[in-house]
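Examining the three-dimensional arrangement
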Amino acid sequence: MPIDREQVKHIAALARISLSEGETESFAQQLSDILDQFEVLQSLDTTGVTPTAHVAGLDNVMRDDEPGSSLESEESLLNAPRRRGDLFQVRAVLDE
């Protein structure tokens, strides 16, 4: 399915990115190739294939949450660019 330059420019505008003429041409070809591959996939016979959201079974691989040793306060602050006493000092994120 061919994608033309105008469609690429429209997609770039939606994504709020600017493309050079060379990039527009390159992306038009690349997007066309990608859509061609999807057409190949759509031609596959999937009769009898159960729809699924995951191709493999999902197992919980989380371990039990058990307390362990931690760093001492001074050790955790060794590489802090700024600190105030025993605390990390950071720039304000929100205005009050």
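The preceding data block contains the structure.
Summary of the structure given here.

Reading guide: rules and limits
Residues numbered from 1 in each chain as written. Predicted model: local features only at pLDDT ≥ 70, side-chain atom pairs only at ≥ 80, totals over all residues. Heavy atoms only, no water. Helix = DSSP H or I, 4+ residues; strand = E, 2+ residues; numbered from the N terminus. Contact = heavy atoms within 4.5 Å. Areas by Shrake-Rupley, 256 points an atom, 1.4 Å probe, with all protein chains shown as cover. Lys, Arg positive; Asp, Glu negative; His and termini not counted. Charge placed at Lys NZ, Arg CZ, Asp CG, Glu CD. Buried < 20%, exposed > 50% of the residue type's maximum accessible area, 1.4 Å probe, protein only. Polar contact = N/O pair within 3.5 Å; in protein donor to acceptor, adjacent residues only side chain to side chain.

Attention now goes to the overall build of the chain. Regarding its fold elements, the chain presents three helices and two strands. What you see in the chain, going N to C, is helices and strands ordered as α-α-α-β-β. Considered along the principal axes of its C-alpha atoms, the chain spans approximately 65 × 45 × 25 Å. Taking as baseline every contact in the chain between residues at least 6 positions apart, the subset at least 24 positions apart corresponds to 25%. Total accessible area on the chain stands at roughly 9300 Å², and carbon and sulfur atoms take up 55% of it. The positive charge centre, built from 8 side chains, and the negative charge centre, built from 19, are 14 Å apart in the chain.

Along the polypeptide, Ser32 turns up in helix α2 (residues 21-42). Since its relative accessible area comes to 9%, Ser32 is described here as buried. There is a polar contact of 2.7 Å between the side chain of Ser32 and the backbone nitrogen of Ile3. Discounting residues that sit within four places of it in the chain, Ser32 has contacts with Met1, Pro2 and Ile3.

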